[in-house]
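# Observations on the model geometry
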Amino acid sequence: MAFADELLLLVSALLLAILLFAWLKKNSQLLPDIKNKAVLITGCDSGFGNELAKRLDKLGVTVFAGCLFPEGPGAVELKSISSGQLHILHLDVTKEDHVKRAVETVTNSLGVKSLHIIASVGVYCMSKHATTALANVLRYELSQWGISVHDIQPGLFRTKISERGTVEKYVDSNWDKLPKEISSVYGQKYCNYYKANILNIFMLPVLGSSKIYQVVDDLLHAIFGKSPKAVYRPGLRSKLLHVLLSLTPPPLKTYINHKLLPELQTKD
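The following paragraphs examine the structure supplied in this document. (Residues numbered from 1 in each chain as written. Predicted model: local features only at pLDDT ≥ 70, side-chain atom pairs only at ≥ 80, totals over all residues. Heavy atoms only, no water.)

## Overview of the packing of aromatic side chains
- This model, assessed by the stated rule, comprises two aromatic pairs.
- Ring centres of Phe48 and Phe157 lie 5.9 Å apart, and the angle between their planes is 80°; on these two criteria the pair is classed as edge-to-face. Of the two residues, Phe48 is situated in helix H2 (residues 47-58) and Phe157 in the loop between strand S5 (151-152) and helix H6 (164-177); the sequence distance between them amounts to 109 residues.
- What makes Phe48 buried here is its relative accessible area of 18%. (Phe/Tyr/Trp six-rings, centres within 6.5 Å; stacked < 30°, edge-to-face > 60°. Helix = DSSP H or I, 4+ residues; strand = E, 2+ residues; numbered from the N terminus. Buried < 20%, exposed > 50% of the residue type's maximum accessible area, 1.4 Å probe, protein only.)

## A word on the pattern of salt bridges
- Applying the stated criterion across every chain, the model contains six salt bridges.
- With its nearest N and O atoms 3.5 Å apart, the salt bridge here joins Glu96 to Lys100. Of this pair, Glu96 and Lys100 both sit in helix H4 (residues 96-110), four residues apart, which is roughly one turn of that helix. Like Lys100, Glu96 is exposed.
- Residue Arg164 pairs with Glu168 through a salt bridge whose shortest N-O separation is 3.1 Å. Pair noted here: Arg164 and Glu168 are both in helix H6, with a separation of four residues, about one helical turn.
- A relative accessible area of 27% places Arg164 in the partly exposed class.
- The structure contains a network of salt bridges with shared partners spanning Glu51, Lys54 and Glu77. (Salt bridge = Lys/Arg side-chain N within 4 Å of Asp/Glu carboxyl O.)

## A short note on the pairing of strand S3 (residues 86-90)
- Direction of pairing for strand S2 (residues 62-67) relative to S3: parallel, over a ladder of five bridges. Bridge pairing in S3 links Phe64 to His87.
- For the crossover that starts at S2, traverses helix H3 (residues 73-81) and ends in the parallel S3, the hand is right-handed. (Pairing = 2+ DSSP bridges. Right-handed = clockwise from strand over helix to strand, strands pointing away.)

## Things to note about the nonpolar core
- By size, the foremost hydrophobic cluster in this structure holds 24 residues, and its most contacted members are Val39, Ile41, Leu52, Leu56 and Phe224.
- Elements with a minimum of two residues in this core: strand S1 (37-41), H2, S2, H3 and helix H9 (213-224).
- Among the elements that line this core, the one with the most residues is H9, at six residues.
- Every residue in contact with Val39, bar those within four places of it in the chain, is listed here: Leu56, Val61, Thr62, Val63, Phe64, Leu115, His116, Ile118, Ile223 and Phe224.
- Ranked by size, the runner-up nonpolar core spans eight residues in total, among them Phe64, Leu89, Leu91 and Ala102. (Core = buried A, V, L, I, M, F, W, Y, C linked by side-chain atoms within 4.5 Å. Contact = heavy atoms within 4.5 Å.)

All we've got here are geometric facts, nothing functional implied.
What follows is the structure in structure tokens.
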């Protein structure tokens, strides 16, 4: 290769690196004067909501932290380490009167500050797909009023909701609620096998990340970033898993699923 060609290649690579750095810097910048902003967060008893509330409070943002248990350990600890800018709200988003009361409280306290809302939802597959679909619809609909909607799609992170004991209680609770005609088809053996074996796979360290700050970083950027994304997938695991599942043919997914799960008690 001639010297001129090598020099051109080197200059091109350098320019590409500079452009990439400038793009990353632009996309990581936050809006100015965020202390004049207010954020309403649901699910602040623990996990991502709790950590985001702490981060925003340290930045001087007015925070309305919705907690299912306002007198519980998570809410009490959050209030004790935060400033007077953080307000605990008793908020169960499944109850209409709670939502109305939260709206009234926030409206009366807001003043001239603009409000941003972070809604925390469950970590299970169906709720994730439903939330993504809802976010897409709301994004198109609310853009008419200058309201933006951003979808955070974390993979498996090690929060309290993903602890083995919590997941087992969730499985048992839902199993007990099943109609007899359905639970009899699967059989108790199916439920026991799931708890004893399938959960072991989900609890593997390689599948879960303890770096909760990655989710909080993306939540913060979605709220106050100069160039926020429509969709965020925090962490390398989440990005790789999304690509892997997208590329895996449906028949192969079905085959793996059948190999992992036990046979049904009755097959008609």
